[in-house]
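Each chain, written out:
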Amino acid sequence: MNNSTKAIGIFGGTFDPIHFGHLRTALELYERLPLQEVRFLPCQQPVHKSATGADVNNRLAMLKLAIANQPGFTLDTRELERSSPSYMYETLTSIRNEVGNTPLCLICSMDAFINFTSWYRWEAIPELAHLVVATRANHAKPLSSLLDSFFASRTIHDPQSLLTQAAGYLLFIETTPLTISSTAIRQIIKNNLSPSYLLPEKVETYIEKQHLYK
Ligand code: ATP
């Protein structure tokens, strides 16, 4: 398949720091879905996280180190270039304006999807992108009846269907469960313990050199 006829995956997050939970999920989706790229989209630091977190430049530097050698992994910094935090609806509108009719797949985990109806203009988001929700085997969480009925007719099971229209479908896809979180990594470092094997070595070295999360 010609790369340009494939979809673009959008993987938003704080990435404070990026870890193997993010990277493994992104890779499995890149390999199993018809994606030309997975774009990592770092967001501005949510206010409630800023006390212990790394600043924008450091988060970005770690993200670059982590994805540098992986074909298909790219970076989209538009949310960092704005002066205030942006809504996913606005970000997807901006990306849609650039990519024309190329299918877009907004990637998130089940934990994020469960709160989807609290997102700004959530009902309009499927007009801009498909939703791809990474789930764990045997961890099906009950969805609210609102989410359930909204997505009932939009749910697909064949990844190739993502290419038949630019937006609007919902796909659940099982990925390898890795219960790593940035919060836990920050805590480990704060406690003067080693975060080895939870995140790329280059990122770990960067954290040490910059004295982050202490
Ligand atoms: P924090 O602990 O600071 O809240 P986080 O580890 O959840 O951070 P985020 O940057 O907030 O990381 O997450 C970005 C996206 O990656 C979200 O959709 C989130 O649900 C998903 N994600 C985070 N950790 C994992 C993981 N271990 N496996 C799969 N997806 C993950």
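Placed above this text is the structure.
About the criteria used
Residues numbered from 1 in each chain as written. Predicted model: local features only at pLDDT ≥ 70, side-chain atom pairs only at ≥ 80, totals over all residues. Heavy atoms only, no water. Pairing = 2+ DSSP bridges. Helix = DSSP H or I, 4+ residues; strand = E, 2+ residues; numbered from the N terminus. Contact = heavy atoms within 4.5 Å. Axes fitted to C-alpha atoms, helices over the stretch in contact; angles between N-to-C directions. Buried < 20%, exposed > 50% of the residue type's maximum accessible area, 1.4 Å probe, protein only. Arc of directions from axis to C-beta. Polar contact = N/O pair within 3.5 Å; in protein donor to acceptor, adjacent residues only side chain to side chain. Near = heavy atom within 4 Å. Areas by Shrake-Rupley, 256 points an atom, 1.4 Å probe, with all protein chains shown as cover. Nonpolar A, V, L, I, M, F, W, Y, C, P; charged D, E, K, R; others polar.

A. Representation of the sheet that holds strand β4 (residues 104-109) within the structure. Strand order across the open sheet formed by seven strands is β3-β2-β1-β4-β5-β7-β6, with parallel pairing between neighbours. The open sheet has two free edges, formed respectively by β3 (73-75) and β6 (155-156), since each of these has just one partner strand. Across seven bridges, strand β1 (residues 7-13) lies against strand β2 (residues 35-42) in parallel orientation. Note on β2: the bridge partner recorded for Ala 7 is Leu 35. Running over the sheet, helix α1 (residues 20-32) touches β1, β2, β3, β4, β5 (130-135) and β7 (170-174) and is turned about 155 degrees from β2.

B. Focus on helix α7 (residues 201-210). All of the buried residues in α7 are Val 203, Glu 204, Tyr 206 and Ile 207. Down the axis of α7, the sector holding all buried residues measures 160 degrees, keeping them to one side. The outward face of α7, more than 90 degrees from its buried face, is lined by the exposed residues Glu 201, Glu 208 and Lys 209. Close packing links the buried residues of α7 with α2 (56-67) and α6 (182-190).

C. Layout of the side chain of Gln 36. By the secondary structure assignment, Gln 36 is in strand β2. Reaching out from Gln 36, the side chain makes a polar contact with the backbone oxygen of Lys 6 at a distance of 2.7 Å. Not counting chain neighbours up to four residues away, the residues in contact with Gln 36 comprise Asn 3, Ser 4, Lys 6, Ala 7, Ile 8, Tyr 30, Gly 72 and Thr 102.

D. Representation of the site of the ligand. Residues in contact with the ligand amount to 18 residues; listed here are only the nearest, Ser 109, Leu 178, Ile 180, Ser 182 and Thr 183. Interatomic distance of 2.4 Å between a side-chain N/O atom of Ser 109 and an oxygen atom of the ligand. For the ligand, an oxygen atom lies 2.8 Å from a polar atom in the backbone of Ser 182. Relative to its free-state accessible area of 610 Å², the ligand is covered by the protein chains to the extent of 79%. Elements with a minimum of two residues in the shell around the ligand: β1, α1, β4 and α6. Among the residues making up the shell around the ligand, the classes are represented as five nonpolar, 11 polar and two charged.

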